[in-house]
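# Structure assessment
The residues making up each chain are set out below.
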Amino acid sequence: RLSQLAPSAAGPVQLYFDARGVVSNLHVISQRPLADPLGSGQVELHVHCVGLNFRDVLNVLGAYPGDPGPPGGDCAAHVAATGGGVGHLSVGDAALGHGLAALASV
């Protein structure tokens, strides 16, 4: 069931689950700020869309063999910041790619 996001989660958010087994274990929570500055070759993305696939469903339900990591992979985003050595992308550019735990604002 859909529920309204708590007002305390007004900034960046992420989809989180504390236990696999049922879809109702998915929760939207506030996202922690990035702890470290971007390293060489790294890019910070502000995510707009995330593709979910059958692997993600199996992951959340606990039916995927092994540890698949957090759900969400491919995403559409805009570049928010770049680390050193990134010459082919600029802040504001549209980006499409695969990210780890892409079901998050940043």
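Owing to the predicted nature of the structure, the values given are computational and were not obtained by experimental measurement. (Residues numbered from 1 in each chain as written. Predicted model: local features only at pLDDT ≥ 70, side-chain atom pairs only at ≥ 80, totals over all residues. Heavy atoms only, no water.)

### Considering the layout of surface pockets
Taken as a whole, the largest pocket spans an internal volume of roughly 890 Å³. Contributions of two or more residues to the lining of the largest pocket are made by β1 (13–17), β2 (26–30) and β3 (43–50). Classifying every residue of the lining of the largest pocket gives 21 nonpolar, seven polar and three charged. (1 Å grid on protein atoms, 1.4 Å probe; cavity = no way out; pocket = protein on both sides within 12 Å on 5 of 7 lines; lining within 4 Å. Points joined across faces, edges and corners; volume = space filled by probe spheres on them. Helix = DSSP H or I, 4+ residues; strand = E, 2+ residues; numbered from the N terminus. Nonpolar A, V, L, I, M, F, W, Y, C, P; charged D, E, K, R; others polar.)

### A look at the environment of V106
Relative to the helices and strands, V106 resides in the segment after β5 (94–98). Not counting chain neighbours up to four residues away, the residues in contact with V106 comprise P12, Q31, L34, E44, L45 and H46. (Contact = heavy atoms within 4.5 Å.)

### Comments concerning the pattern of salt bridges
Counted under the stated rule, the structure contains two salt bridges. One salt bridge in this structure joins D67 and R20, with 3.3 Å as the shortest N-O distance. A residue pair is termed long-range when its members are at least 10 positions apart, and D67 in the loop between α1 (54–61) and β4 (74–82) and R20 in the loop between β1 and β2 qualify at 47 residues. The shortest N-O distance in the salt bridge between R55 and D56 comes to 3.1 Å. (Salt bridge = Lys/Arg side-chain N within 4 Å of Asp/Glu carboxyl O.)

### Concerning the sheet that holds β3
Strand order in the open sheet made by the three strands is β3-β4-β5, with antiparallel pairing throughout. The two strands at the open ends of the sheet, each matched to only one other strand, are β3 and β5. Along the sheet, successive strands turn relative to each other by an average axial angle of 45°, direction set aside. Direction of pairing for β4 relative to β5: antiparallel, over a ladder of five bridges. From the neighbouring strand, H78 faces β5, where its bridge partner is A94. (Pairing = 2+ DSSP bridges. Axes fitted to C-alpha atoms, helices over the stretch in contact; angles between N-to-C directions.)

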